[in-house]
Amino acid sequence: MMLNIPALTPGTLFARETLWQSWLDVEAALAEVQAEMGVIPESAAQGIRDAARLDVIGIEALEADIRVTHAPILSLTRLLARTAGEAGAYVHWGATTQNVMQTGRILLVREADREIRKALAGVLTRFSDLADTHADTLMAGRTNRQHALPITFGFKVAGWIEELTRSVDRLDGGARRLFALPFGGAVGAMHAFGAEGRELNRRLAARLGLRELLVPGRTNNDLFADYVVQLSLLAMTVERIASELYLLMTQEIGEISERLDHGTVGSSTMPHKINPKYVVRVLADTAELRGLAAPAMETGRSSHEGDSATNQLLGSILDRAIPLAWDMARRFEGLIARIEVNAPVMARNANLTGGAIATERLMMMLAPMIGRAEAHDLVHHAIENHSEEQCSVADALRNDSTVLAHLSDAQIAEALDPTGYCGDSSSIARDAAIAGRRTAERL
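This structure is a prediction, so every number in the text was calculated from the model and none was measured.

Undergrad: Requested: an account of the pattern of salt bridges, with residues and values cited.
TA: According to the stated counting rule, one finds 31 salt bridges in the structure shown. Between D172 and R442 there is a salt bridge, with the nearest N and O atoms lying 2.7 Å from each other. Here D172, found in helix α7 (residues 153-178), pairs with R442, found in helix α19 (residues 425-442); they are 270 residues apart in sequence, far enough to count as distant. Its relative accessible area of 46% is what places R442 among the partly exposed residues. For R177, the salt bridge is made with D226, and the minimal N-O distance between the two is 2.4 Å. Note that R177 is positioned in helix α7 and D226 in helix α9 (residues 221-248), a separation of 49 residues in sequence. The exposure class of R177 is partly exposed, given its relative accessible area of 30%.

Right under this line is the structure:
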């Protein structure tokens, strides 16, 4: 179903006029389904549909009426009925306020969900290109922020692709559960619709492109909380990737940079500075969105068959979380589009330890001859006791008689070459690129 709303942005998603129009769209869809079932006349449905536009019922009139009633749906249906003429007698037939308000919100969340997915598709496509291009680009793998083993940048990106794909899978589940029709009358048992209630619910869900609920009640806040939690988990993943990029932009590392437009100023005080601009905004968004998971779960503590207190909290959280997630996804896509890889610096940093980063390889070459534990200790002590001013890592190992008893100079040199010890980095990067593009196409 197409909503009668202009092109949405994060800023207008839950704006007053947007919400009002989404409610009018729900009222019109309800009337059309009821007319199909013979509950109300077909002419009434057409009259309601024709009148169900803000520019027809009048924004100022609606605003004024709400100031008096403090009941937006009552005011909206009152003006809709008045504008629809004779058809107005059938407006809001059997429905209750929260049915309309929650359904309208769900339809708007679905619009935002589509935009979030488009942005994530762009990120995954870019990541896939980076994984392919840099499948063989040497860099230092780091654990506890120290050099661990040689990898390729494509392998690092492969990890990002897989983690982001898991976030997409979780978002899929949250969306599948949330995009359901909570339209069951006053308490969820379809009282006002008589024997046709469940059939009406089924048809209305189909018309709106939503899933049918067995109990379409007013305490289904867990569905909204679930979706917000999935967005928070997405923010956690985006934050981890963006934080790593931010760290790799550090001047002392310098392996990644943002491509900035001409004329960008880094600091108003220090003329030499070119600060990262895009990654910091993403990190601010992710921290805020991640923090909404806990208050979202508070909304599930509703009582009996309806609870306005939790609904008020839910509305407030959705107003923050959904536009924020949309903004975060767009900004993340913009950041990734501007990432530049400094391959020479990556290679230089991978060689900072003079080959020590690849000594696991040398240890495993010695292990069959002297045992793995002894080989580990032998290499560890040779490196630990050498002085960089006096000799290189390779020389320290060549000076050890036990090492020389089993390996030649050429074998030692080969073992310490980080380019030859990247494991399956390249093949994993290329496989991840394929998987990333497949997910992007699905999104």
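Undergrad: Give a detailed account of the side chain of T137, specifying residues and quantitative values.
TA: Its place among the elements puts T137 in the loop between α6 (97-133) and β1 (138-143). Of the polar contacts made by the side chain of T137, one reaches the side chain of H134; its length is 2.9 Å. With near-sequence residues (within four places) excluded, T137 lies in contact with I151, T152, F153, A343 and M346.

Undergrad: Account for the packing of aromatic side chains, naming residues and giving values.
TA: This structure, assessed with the given rule, holds five aromatic pairs. Taking 6.1 Å as the distance between ring centres and 50° as the angle between the ring planes, the aromatic pair formed by F179 and Y227 counts as tilted. One end of the pair, F179, is in the loop between α7 and β3 (180-181); the other, Y227, is in helix α9, with 48 residues separating them in the sequence. The exposure classification of F179 matches that of Y227, with both residues buried. Taken together, the ring pairs in this structure connect F127, F153, W160 and F332 into an aromatic cluster.

Undergrad: Please provide a residue-by-residue account of the pairing of strand β2 (residues 146-152), values included.
TA: With five bridges joining them, β1 and β2 adopt antiparallel strand pairing. Among the inter-strand pairings, L138 is bridged to a residue of β2, identified as T152. Turn length for the β1-β2 hairpin, with the two strands adjacent in sequence and antiparallel, is two residues, and the turn residue N144 shows positive phi of about 50°.

Undergrad: I'd love a proper account of the environment of R114, names of residues and values included.
TA: Mapped onto the secondary structure, R114 falls in helix α6. For R114 and L362, which are 248 residues apart along the polypeptide, the C-alpha to C-alpha distance reads 51 Å. In terms of polar contacts, R114 uses its side chain to reach the side chain of E111, at 2.6 Å.

Reading the values: the criteria
Counting of residues starts from 1 at the beginning of each chain's written sequence and follows it residue by residue. Local features in a predicted model are, by the rule used here, given only for residues with pLDDT of at least 70; side-chain atom pairs are given and counted only at 80 or more, and totals for whole chains, interfaces and linings are based on all residues. Each side-chain value is worked out from all heavy atoms of the structure, with water and hydrogens disregarded. Throughout this description, the term salt bridge denotes a Lys or Arg side-chain nitrogen within 4 Å of a carboxyl oxygen of Asp or Glu. Working definition: helices are DSSP H or I runs of at least four residues, strands are E runs of at least two. Numbering for both runs from the N terminus. Only protein chains enter the accessibility calculation, which uses a 1.4 Å probe. A residue is then buried if its area is under 20% of the maximum for its type, exposed if over 50%, and partly exposed in between. Any pair of N or O atoms that falls within 3.5 Å is considered a polar contact. Within protein, one atom must be able to donate a hydrogen and the other to accept it, and sequence-neighbouring residues count only if both atoms are side-chain atoms. Contact between two residues is taken to exist if any of their heavy atoms lie within 4.5 Å; hydrogens are not considered. Any two of the Phe, Tyr and Trp rings considered here, Trp counted by its six-membered ring, make a pair once their centres fall within 6.5 Å; the pair's planes then place it as stacked at under 30 degrees, edge-to-face at over 60, or tilted in between. Here a strand pair is declared whenever DSSP counts at least two bridges between the two strands.

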